[in-house]
Amino acid sequence: MMTAFPADAILVLIEVMPSGALARSAAGLLGAASDVGTPVALIVTGADRAASAAQAAGELGAAFALTADPGTDSSSLAVPTVDALSAAADLVRPDAILVSNSIDGRDIAGRFAARSRLALAVDAVGIARDEEGIVAHHSVYGGAYTVDCAPTFGPPVVTVREGAVEVRAEATTPQVELLSVTPSGAAAATIESFEERAVTSSRPELRGAARVVAGGRGLASQEQFALVEELADVLGAAVGASRAAVDAGWVPNSYQIGQTGISVSPQLYVGIGISGAIQHRAGMQTAKTIVAINKDPDAPIFDIADFGVVGDVFTVVPQLIAALSARKA
Amino acid sequence: MKIIVLMKEVPDTYGERKLNLETGLAERGESETVLDEIGERALELAVAQAGQIDDVEITVVSMGPTTATATLRKALAMGADRLVHIADEKLAGADLGLTAEILSAAIRRAGFDLIIAGNVSTDGLGGVMPAMIAELLGVPHASTLSSVDISDGRVSGIRETDSGSMRVTAELPAVISITDRFPAARFPNFKGIMAAKKKPVETLTAADLGIDPEALDTPRSIMLAVSQRPPRAAGTKIVDEGDGGEKLAEFLVQNRLA
Ligand SMILES: Cc1cc2nc3c(=O)[nH]c(=O)nc-3n(C[C@H](O)[C@H](O)[C@H](O)COP(=O)(O)OP(=O)(O)OC[C@H]3O[C@@H](n4cnc5c(N)ncnc54)[C@H](O)[C@@H]3O)c2cc1C
Ligand SMILES: Cc1cc2nc3c(=O)[nH]c(=O)nc-3n(C[C@H](O)[C@H](O)[C@H](O)COP(=O)(O)OP(=O)(O)OC[C@H]3O[C@@H](n4cnc5c(N)ncnc54)[C@H](O)[C@@H]3O)c2cc1C
């Protein structure tokens, strides 16, 4: 039987982690969708995992869950998911298509928008509905401006910044349907191997984290960068870095905060040995509270810090860790 | 082998960048313009490849205002063989979809084996253009690469994602995008600057590419409203006198942040 989809359907692409769990972005995407319409989740994953993934999407508010099995195609980069998204959009006729603004999400959204000739809104921090349809809110130039965008007609494809949407949808039991997908045959790159990053399970992910401790060139070496991690663990924070620290090879690429890295908007950002170059600030200056430790009293980070300590990180930070640990004990 | 490098002129990120509060467009002339740094890294990669592979021709393709030609000429001095500049007043404020259509048409016209782009530009920050172009050209794409190897008609490399890193391979022709882990570009030398003067520069309009930017049959993304947020102000700054760490701990606890 063909499912009838509601007129206000919002199609949400849910990313599935290699472990089979839904990506953390799922809750915010389904939350944003529920705010403006009926969330319809699309989950591209192996048949053996589809049922549990659909149920997990329901817990995050998906009223409908379409599942698609990429089969042997799963080693092709992006294209099988784009094919599934095209099939789902044809079936559901949604008012908008939401995708995470992750690295994979951007590839999929870009190909899908180009293929289906739909308008694309990237890195939205929220969505709304007006008389004409779905509007995307953006925060640009490091949060200096707020911009609202909408398509001239048709549903927009929107990539949503992870951690930006706080709305959560109510849990429900989704109506599940297996989506039939005709492969487009579009040429794709092949994934030859994948190495999942070892995750420190106790430490939150950087994208969307409530607290972030970031380290820069001032840490001077990879060994000493451990101080950043130590403070992060005491605060229950995610670890980030400046481009200088990434360039030095102390931390992986995915730690980079800033214009060409990740944009974070945490409750608390602590910058250690980071000067606060304009390109770094572009990725963190919307944090609620900014704290900085730097030995240079003229470091630009102090211009935007709510609390700044002019001092040596190697004396201030250990003392801070000791003081916080003492309170916990 | 025909390598296309996608480069754009952007407002210098070291200056203050402004949006026009009425049109929502980036204010040209408000800040100095430069070649986007990530595009320079893409060109550096192409030039390095040209040193290793026979018969490489590097074409820089860029869409941007007429005045950008001066900035783009630097690419020729850095080692590109020719420049295709799409400049058309009707393209001011072009959205991602229109930009992708224009660039794809210009690339198809120039001919290509490998297209090298940045992973994200430093002004639009879309991070989607390479995937869109690959779709429109019907070729594979490998994005966000931190290393690249080109041989035997294929391109492969390490692709960094949010959850790990993967090794990917694509048959040429293909599109790749690179991250800022790639080395910064060398400064053009005197010889390069002199040679650049003789290199071909082609300026195209949308009509030359058979595209009508004002056609109403394709949806476009438009700006409805723009507002400026008040800049952040500095708060308390203390100089460590032996108890800086403790004072900071107090601040965090008082504000329920620890
Ligand atoms: C197009 C473009 C994009 C860019 N994108 C990004 C981006 O996404 N993210 C990013 O971060 N950067 C980016 N950059 C680079 C940026 O301009 C800076 O170079 C970088 O942010 C500097 O990192 P840093 O603050 O760690 O290093 P530095 O600027 O060298 O600062 C180190 C700081 O540590 C302090 N320090 C040193 N020792 C101590 C000590 N013992 N105790 C206390 N303080 C100490 C120093 O006083 C100094 O202020 C970009 C640049 C360009 C041109
Ligand atoms: C603040 C801001 C926000 C915007 N938001 C949106 C939006 O939500 N939706 C929308 O449709 N449009 C948007 N635009 C317009 C969009 O940025 C332009 O169409 C832009 O030219 C292409 O996008 P990008 O720079 O973000 O590309 P990215 O996808 O970030 O660029 C990646 C790479 O593609 C290549 N490339 C990109 N543009 C060009 C070019 N013009 N010439 C040559 N190579 C290029 C470069 O190699 C670059 O490194 C926005 C523009 C601004 C300034």
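Residues numbered from 1 in each chain as written. Chains lettered and ligands numbered in written order. Predicted model: local features only at pLDDT ≥ 70, side-chain atom pairs only at ≥ 80, totals over all residues. Heavy atoms only, no water.

A.B. asks: I keep staring at the overall build of chain B and nothing clicks. Help me out?
C.D. replies: Helices and strands together make up the secondary structure of chain B, namely 6 helices and 13 strands. With respect to the three principal axes, the spread of C-alpha positions in chain B is 65 × 45 × 40 Å. Within chain B, the fraction of its 258 residues that count as buried is 53%. Nonlocal contacts in chain B, meaning residues at least 24 apart in sequence, comprise 71% of its contacts between residues at least 6 apart. For chain B, the exposed surface amounts to about 11700 Å²; the carbon and sulfur share of it is 50%. Both charge centroids of chain B, one from 27 positive and one from 38 negative side chains, sit 3 Å from each other. (Helix = DSSP H or I, 4+ residues; strand = E, 2+ residues; numbered from the N terminus. Buried < 20%, exposed > 50% of the residue type's maximum accessible area, 1.4 Å probe, protein only. Contact = heavy atoms within 4.5 Å. Areas by Shrake-Rupley, 256 points an atom, 1.4 Å probe, with all protein chains shown as cover. Lys, Arg positive; Asp, Glu negative; His and termini not counted. Charge placed at Lys NZ, Arg CZ, Asp CG, Glu CD.)

A.B. asks: Can you help me understand the site of ligand 2 in this one?
C.D. replies: In the vicinity of ligand 2, 31 residues are found, and the nearest of them are Leu6, Lys8, Ser121, Gly126 and Gly127 of chain B. At ligand 2, the nearby residues belong to more than one chain, namely chains A and B. Within the backbone of Leu120 of chain A, one N or O atom sits 2.8 Å away from a nitrogen atom of ligand 2. The contact in question runs from an oxygen atom of ligand 2 to an N or O atom on the backbone of Asp95 of chain B, over 3.2 Å. When isolated, ligand 2 has an accessible area of 920 Å², and the protein chains bury 91% of it. Elements supplying a minimum of two residues to the shell around ligand 2: β5 (120-130) and β6 (133-140) of chain A together with β4 (57-63), α3 (96-110), β6 (114-118) and α4 (129-137) of chain B. Its residues placed into classes, the shell around ligand 2 shows 18 nonpolar, 10 polar and 3 charged. (Near = heavy atom within 4 Å. Polar contact = N/O pair within 3.5 Å; in protein donor to acceptor, adjacent residues only side chain to side chain. Nonpolar A, V, L, I, M, F, W, Y, C, P; charged D, E, K, R; others polar.)

A.B. asks: Teacher, can you tell me more about the domain arrangement of chain A here?
C.D. replies: When the parts come together, some accessible area is lost, and that loss is often what is quoted as the size of the interface. All names here are of chain A. What the domain assignment reports for chain A is domain 1 (9-178) and domain 2 (211-328). A C-alpha centroid distance of 32 Å is found between domain 1 and domain 2. Of the roughly 350 Å² buried between domain 1 and domain 2, counting both surfaces, carbon and sulfur atoms make up 42%. Taken together, the connections running from domain 1 to domain 2 amount to 0 salt bridges. Applying the counting criterion to the domain 1 and domain 2 interface returns 1 residue pair in polar contact (both at pLDDT 80 or more). Each residue belonging to the side of domain 1 that touches domain 2 can be placed in one class, and the counts come to 1 nonpolar, 3 polar and 1 charged. (Domains from an automatic or database assignment. Buried area = accessible area lost by both parts, 1.4 Å probe. Salt bridge = Lys/Arg side-chain N within 4 Å of Asp/Glu carboxyl O.)

A.B. asks: Just checking my understanding: could you explain the environment of Ser34 of chain A for this structure?
C.D. replies: All names here are of chain A. Summarising the element assignment, Ser34 is placed in helix α1 (residues 25-36). Sequence separation of Ser34 and Arg168 is 134 residues, and the distance between their C-alpha atoms is 8.0 Å. The residues contacting Ser34, other than those within four sequence positions of it, are Pro39 and Ala169.

A.B. asks: Hey, could you run me through helix α3 (residues 79-92) of chain A in this one?
C.D. replies: Along an α-helix, a turn takes 3.6 residues, which lines up residues three or four apart on a common side. All names here are of chain A. The terminal C-alpha atoms of α3 lie 20 Å apart, and with 14 residues this matches the ideal 20 Å at 1.5 Å per residue to within 8%. Of the residues making up α3, those classed as buried are Val79, Pro80, Thr81, Val82, Asp83, Ala84, Leu85, Ser86, Ala87, Ala88, Ala89 and Val92. In this structure, the buried side of α3 is in contact with β1 (9-14), β2 (38-44), β3 (64-68), β4 (96-100) and α4 (103-116). (Expected span 1.5 Å × (residues − 1).)

A.B. asks: Got a minute to help me understand the site of ligand 1 in this structure?
C.D. replies: Surveying the vicinity of ligand 1 reveals 28 residues, the closest of which are Arg217, Ser242, Ser275, Gln279 and Asn294 of chain A. Residues lining ligand 1 come from chains A and B. A distance of 3.0 Å separates an oxygen atom of ligand 1 from a polar side-chain atom of Gln256 of chain A. With respect to ligand 1, the backbone of Gly261 of chain A contributes an N or O atom lying 3.4 Å from an oxygen atom. Relative to its unbound accessible surface of 990 Å², ligand 1 loses 85% to contact with the protein. Counting only elements with at least two residues in the shell around ligand 1, the list comes to α6 (243-247), α7 (278-281) and α8 (313-328) of chain A. Of the residues belonging to the shell around ligand 1, the class tally is 7 nonpolar, 15 polar and 6 charged.

A.B. asks: Can you help me understand helix α1 (residues 37-50) of chain B in this one?
C.D. replies: Between the first and last C-alpha of α1 of chain B there are 20 Å, a value that for 14 residues agrees with the 20 Å anticipated at 1.5 Å per step. In terms of burial, α1 of chain B is largely enclosed, as 10 of its 14 residues are buried.

A.B. asks: Honestly, the UniProt feature "domain: Electron transfer flavoprotein alpha/beta-subunit N-terminal" (unreviewed entry) in chain A in this entry has me stumped. Any pointers?
C.D. replies: UniProt marks residues 10-195 of chain A with the feature "domain: Electron transfer flavoprotein alpha/beta-subunit N-terminal" (unreviewed entry), using the numbering shown here. Its end C-alpha atoms 33 Å apart, residues 10-195 of chain A is made of 28% helix and 33% strand. (UniProt positions renumbered as here; feature names shortened; annotations may be inferred.)

A.B. asks: Would you mind going over the packing of α4 of chain A against α4 of chain B with me for this structure?
C.D. replies: Two numbers describe how α4 of chain A lies on α4 of chain B: the axes approach to 7 Å, and their chain directions differ by 40°. When the interaxial angle is binned, α4 of chain A and α4 of chain B end up oblique. The hand of the α4 of chain A/α4 of chain B crossing is right-handed. Counted together, Asp107, Gly110, Arg111, Ala113, Ala114 and Arg115 of chain A of α4 of chain A and Ala131, Met132, Ala134, Glu135 and Leu136 of chain B of α4 of chain B form the full contact between these two elements. For the contact of α4 of chain A with α4 of chain B, the residue count by class is 6 nonpolar, 1 polar and 4 charged. (Axes fitted to C-alpha atoms, helices over the stretch in contact; angles between N-to-C directions. Parallel < 35°, antiparallel > 145°, perpendicular 65-115°, else oblique. Left-handed = near helix turned anticlockwise from the far one by under 90°.)

A.B. asks: Whenever I open this one, the sheet that holds strand β8 (residues 157-160) of chain A confuses me. Can you help?
C.D. replies: Pairing in this open sheet of 10 strands is mixed, and the strands run β9(A)-β3(A)-β2(A)-β1(A)-β4(A)-β8(A)-β5(A)-β6(A)-β7(A)-β12(B) from one edge to the other. In this open sheet, the two edge strands, each paired with only one partner strand, are β9 (175-178) of chain A together with β12 (221-228) of chain B. In this sheet, neighbouring strand axes are inclined to one another by 30° on average, regardless of whether the strands run parallel or antiparallel. Pairing geometry for β5 of chain A and β8 of chain A, over 3 bridges, is parallel. Across the sheet, Ala121 of chain A pairs through a bridge with Val158 of chain A, a residue of β8 of chain A. (Pairing = 2+ DSSP bridges.)

A.B. asks: How should the interface of chain B and chain A be read in this particular structure?
C.D. replies: Counting from both sides, the interface comprises 85 residues of chain B and, opposite them, 86 residues of chain A. When the two sides are added together, the surface that chain B and chain A hide from each other amounts to roughly 7600 Å², 55% of it contributed by carbon and sulfur. Looking only at chain B, the three residues that lose the most surface to chain A are Glu135, Asp162 and Arg232 of chain B, adding up to 10% of its buried area. Where chain B packs against chain A, one counts 10 salt bridges. Seen at the junction of chain B and chain A, the total is 48 residue pairs in polar contact (both at pLDDT 80 or more). In terms of residue count, the dominant contributor to the side of chain B that touches chain A is helix α6 (residues 244-254) of chain B (10 residues). For the side of chain B that touches chain A, the per-class residue count stands at 37 nonpolar, 24 polar and 24 charged. Across 4 bridges, strand β15 (residues 307-310) of chain A lies against strand β13 (residues 236-239) of chain B in parallel orientation. By the bridge assignment, Val310 of chain A is partnered in β13 of chain B with Val239 of chain B.

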